[in-house]
Amino acid sequence: MSHGDDAPGTGSAPYGAERGPGEPDLDRLIADLQADRGPCSGTVSDEVRAAARAAYAMRRDDAVMSEVGTDSAESPPAGVRDSALLAEAPRYLRFDTPGATLDLEITAVGDRRTLVGRVDPPGPTSADIRTPHGSARAPVDADGAFVAPDVPTGPVSVLLHHPAAPPVATPWVTA
């Protein structure tokens, strides 16, 4: 995956250091989540905080957010009980937006991932594969398909571009 100069930094400055304009108050967010879902086990690592900051820095206020329609990680295939087989199997996700769907297959290749996507109906001219380490653009063909090899393990989001519509962003998922 190529890393552009505009990719957010992922340095692990200790929390409590000065936040940039618009950067979320992560301690407050964690406290709110604990109030809603119970205490987290342990502290949040600097690596997780850096990934959260990087994801927040990549937000697009003009993007339409898609929703996860289906996720094979939540609904494993019937009859498969071997957790080793499930760990090696590709992950399949469907993201829904008004008027379009994105089917995404995430396959592990060592410590990297390959993403294969299909947009229906076809039309977006490109897909940005976003990670806390940066982003890379993958062309979308006439059939709505794209491939993104060599994606780092960890959180990933796809931002679809179409010349006649606002961009569409998927939620961040762990790949």
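Once a new chain begins, its residue numbering starts again from 1 and follows that chain's sequence as written. Only residues with pLDDT of at least 70 are given local features in this predicted model, and only at 80 or more are side-chain atom pairs given and counted; all residues enter the totals for whole chains, interfaces and linings. Water and hydrogen atoms play no part in the side-chain values, which are based on all heavy atoms of the structure.

Chemist: It is not clear to me how the pairing of strand β4 (residues 100–109) should be interpreted in this structure. Could you clarify?
Modeler: Criterion used throughout: strands pair if DSSP finds at least two bridges between them. Secondary structure is summarised from DSSP: a helix means a run of H or I of at least four residues, a strand means a run of E of at least two, and numbering begins at the N terminus for each. Strand direction decides the pairing type here: strand β3 (residues 91–97) and β4, joined by 7 bridges, are antiparallel. Residue pairing for β4: R91 is matched across the bridge by I106. Two successive antiparallel strands, β3 and β4, enclose a turn made up of 2 residues, where G99 displays a positive phi of approximately 90°. Relative to strand β5 (residues 112–120), β4 runs antiparallel, the two sharing 9 bridges. The partner of T107 across the bridge, within β5, is T114. In sequence, β4 turns back onto β5 through a hairpin of 2 residues, with G110 there showing a positive phi of about 65°.

Chemist: Could you clarify how one ought to interpret the nonpolar core in this entry?
Modeler: Most often, soluble globular proteins keep nonpolar side chains buried together rather than apart. Residues belong to one nonpolar core when they are buried, are Ala, Val, Leu, Ile, Met, Phe, Trp, Tyr or Cys, and are joined through side-chain atoms within 4.5 Å. Each residue is assigned to one of three classes by its accessible area relative to the maximum for its type, calculated with a 1.4 Å probe on protein chains only: buried under 20%, partly exposed between the two thresholds, exposed over 50%. Among the nonpolar cores identified, the biggest contains 20 residues, and L104, L115, I129, F146, V158 and L160 are the most heavily contacted of them. The set of elements that each furnish at least two residues to this core consists of β3, β4, β5, β6 (126–131), β8 (145–152) and β9 (155–162).

All quantities given are derived from atomic positions and should not be read as evidence of function.
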